[in-house]
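Geometric and topological summary
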Amino acid sequence: MSGGGCSIVWFRRDLRVEDNPALAAGVRAGAVVAVFIWAPEEEGHYYPGRVSRWWLKQSLAHLDSSLRSLGTALITKRSSDTISSLLEVIKSTGATQLFFNHLYDPLSLVQDHRVKEVLTAQGVTVRSFNADLLYEPWEVHDEEGRPFRTFALFWERCLSMPYDPESPLLPPKRIISGDVSRCPSDTLVFEDESEKGSNALLARAWSPGWSSADKALTTFINGALIEYSKNRRKADSATTSFLSPHLHFGEVSVRKVFHLVRIKQVLWANEGNRAGEESVNLFLKSIGLREYSRYMSFNHPHSHERPLLGHLKYFPWVVDEGYFKAWRQGRTGYPLVDAGMRELWATGWLHDRIRVVVSSFFVKVLQLPWRWGMKYFWDTLLDADLESDALGWQYISGTLPDSRELDRIDNPQFEGYKFDPHGEYVRRWLPELARLPTDWIHHPWNAPESVLQAAGVELGSNYPLPIVEIDAAKARLQEALSQMWQNEAASRAVIENGTEEGLGDSSESVPVAFPQDMQVEMDPEPVRNIPTTTTIRHYEDQMVPSMTSSLVRTEYDESSVDLRNSAENRAEVPRTVNIIEEPVREAIIHPLRQTVQSNNTMPRYNFAVGRRNSEDSTAESSSSVMKDGGIVPVWSPSSSNFSDPFAAEDNGIGTSSSYLQRHPQSHQLMNWRGLPQTG
DNA sequence: AAATAATTGCC
DNA sequence: GCAATTATT
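Note that this is a predicted model, so its numbers are computed, not measured. (Residues numbered from 1 in each chain as written. Chains lettered and ligands numbered in written order. Predicted model: local features only at pLDDT ≥ 70, side-chain atom pairs only at ≥ 80, totals over all residues. Heavy atoms only, no water.)

Some remarks on the packing of helix α2 (residues 50–70) against helix α6 (residues 193–205)
The cut-off we apply is this: Note on definitions: angles span 0 to 180 degrees between N-to-C directions of axes, and those axes are lines fitted to C-alpha atoms, for helices only across the stretch in contact. Numbering of helices and strands starts at the N terminus; helices are DSSP runs of H or I of at least 4 residues and strands are runs of E of at least 2. Throughout, a crossing is termed right-handed when the near helix is turned clockwise from the far one, and left-handed when it is turned anticlockwise from it by less than a right angle. Here a residue-residue contact requires only that any non-hydrogen atoms of the pair lie within 4.5 Å. Polar here means any residue other than Ala, Val, Leu, Ile, Met, Phe, Trp, Tyr, Cys and Pro, which are nonpolar, and Asp, Glu, Lys and Arg, which are charged; Gly is therefore polar.
Closest axis-to-axis distance for the α2/α6 pair is 10 Å, and the angle between their directions is 65°. Judged by the twist between their axes, the crossing of α2 over α6 is right-handed. Contacts from Arg50, Val51, Arg53 and Trp54 of α2 reach α6 at Glu195, Ser198, Asn199, Leu202 and Ala203. Across the contact of α2 with α6, the residue classes break down as four nonpolar, two polar and three charged.

Structure, rendered in structure tokens:
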């Protein structure tokens, strides 16, 4: 076929054979070597959690057997450096081309650029594709070419693009295998002995792999989809699509989901089925949120670690590990929150509604630093997804222009009756409250003593009293918010005086690292409602090592988890984290605005202009306009000043949130001008 | 029945 | 904050 050498198809989070553009390109070009590289240390702080690794293991095995039935196999490599492993595979197979599909998390954005640079320099043809999104982030923008800053406008635009998303590709009929005789697979280890027992339980509920993903999709579309709208209030998850872990690992393509759902949409629209139509719109919206999370990550690559609206930087977080622990253990005294946390801990899964409940409780009532919560989600969720989770937590924390307001506290008691009106969900996950009548199930602290006694509940003993009263939380939140605005104003004043230009962001900060001990101890010992004496506030957004900076070994210590017996530990976070203040590199400008850029202080990434459809050009280090005018980024550090296209704009557009209107000075999204430089 | 108030849902 | 929905008078 093409001049002798075979192609490498590099699999990442696109573990499927159907609608996989990189694989299709490889097959088209001739012989294929399929590769997966496991280099978790590169993910530093975001080393995948136990359940996520379990999923990956199953999914890879499944992909391997599919590839085998098509004529090749999946080569797996254990690595501490992805790029050298790629080079090694290329050398040992004599490949001349590399194909892969785009990812949009900050680490991949940087890494993929380097891959292109390095391999192209070695004479390898590198091509990358869109397999993960309906539209590439750079395809969706307003009339002036600026990225949207609110979800509604973004999604509206996606749904009315002048061209449809690419149609899903069929799986290849047959794959000609490249010569892998000198390229042996490494055995990948995804779980240690202590994790096996708990992982065995996961297999009862889930089956990873692209063919079950496909099955799940069909089942959902022909089943629960039509009731999606009606059921969206229910806490028990039987009515959701269950696609999120499949989608995270790319076992099913969103484009396929989109196309199939659209077919139903047309059908129901013709039948005049209003409920069905509404369900479709709602479900598509959740697909849209996933798209939007990639869009945000691409346009704001720090969004997993920094609030997008700068004011939150001044929020006085309550740094209280006792609160944090109570939340993780499901011992906050609020049944709906606790039930959710127990479910998450036991199953790695949580209904979206409940994710909002527990995370907003975390941020608003406990006022713990949002990144701790996000990290815990990362470690425990089966569908842990950096971009989606970052978007979710930013939304909850009120740091998106279209966020939920920070100053409104949701009352878990009322939410309980809304999402779990009969208390079934709470009873399932909180056996200690199982005998409590529905009238009191979501607020046991109000129940008469006789009722509690009859139900065998002893508050403060076998079930805690509320860790923080809602009214107290409201007052504390108001106080914290006015403190935040004061701090922000003070900081602005300093900056305007010019005394601390450029340093204002970092100089006064006391970084708040993750707690040393994030273990969950489900000790049967009653947790009393001990007032926390160590309420330290930090007047700075919490800081942990940035993902890109930590090619740092993190130590995990996970011991076994058993659902029945609640006397075990689980470490969720590295005990030791070496914080390396390494520069963060992926500042980004909008492609259409780079001409506006001026002075040279920051590295940034350029965009090259390339083909519009799923293929992009081979690596190029400078911008160039191609015939059909679409834009494809080529990540290339350059040394001109980074300016966040949003921050530079006026303050008024797309912000409707109350306190933002009251505090118009804080409309700007943060920009990263003050960051240190990369070498 | 129409006007007004209160409540919810907004990624 | 604002629009849409629901409750109240």
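Right, picking up where we left off after that structure.
Remarks on the UniProt feature "site: Electron transfer via tryptophanyl radical" (unreviewed entry) in chain A
Quick note on the threshold: UniProt positions are given in the numbering used here, feature names are shortened, and annotations may be inferred rather than shown by experiment. Buried means the residue's accessible area, taken with a 1.4 Å probe over protein chains only, is under 20% of the maximum for its type, while exposed means over 50%, and partly exposed covers the values in between.
Residues annotated in UniProt with the feature "site: Electron transfer via tryptophanyl radical" (unreviewed entry) correspond here to Trp317, Trp370 and Trp393. Locating Trp317 in the fold gives a position in strand β6 (residues 317–319). As for its position among the elements, Trp370 is in helix α14 (residues 370–380). Residue class for Trp370 comes out buried when judged on its relative accessible area of 0%.

Quick word on the sheet that holds strand β1 (residues 7–11)
As a reminder of what qualifies: Whether two strands pair comes down to DSSP finding at least two bridges between them.
Here we have five strands laid out as an open sheet, ordered β3-β2-β1-β4-β5, and parallel in their pairing. A strand with exactly one partner marks an edge of an open sheet, and here the two such strands are β3 (74–78) and β5 (125–129). Here the strands of the sheet are splayed against their neighbours by 25° on average, with no regard to which way each runs. When β1 meets strand β2 (residues 32–38), the two strands line up parallel, connected through five bridges. Within β2, the residue paired with Trp10 across the bridge is Val35. Seen against the sheet, helix α1 (residues 21–29) touches β1, β2, β4 (97–101) and β5 and runs at an angle of roughly 155° to β4. Most of the contacts of α2 go to β2, to which it runs at about 170°, and overall it touches β1, β2 and β3.

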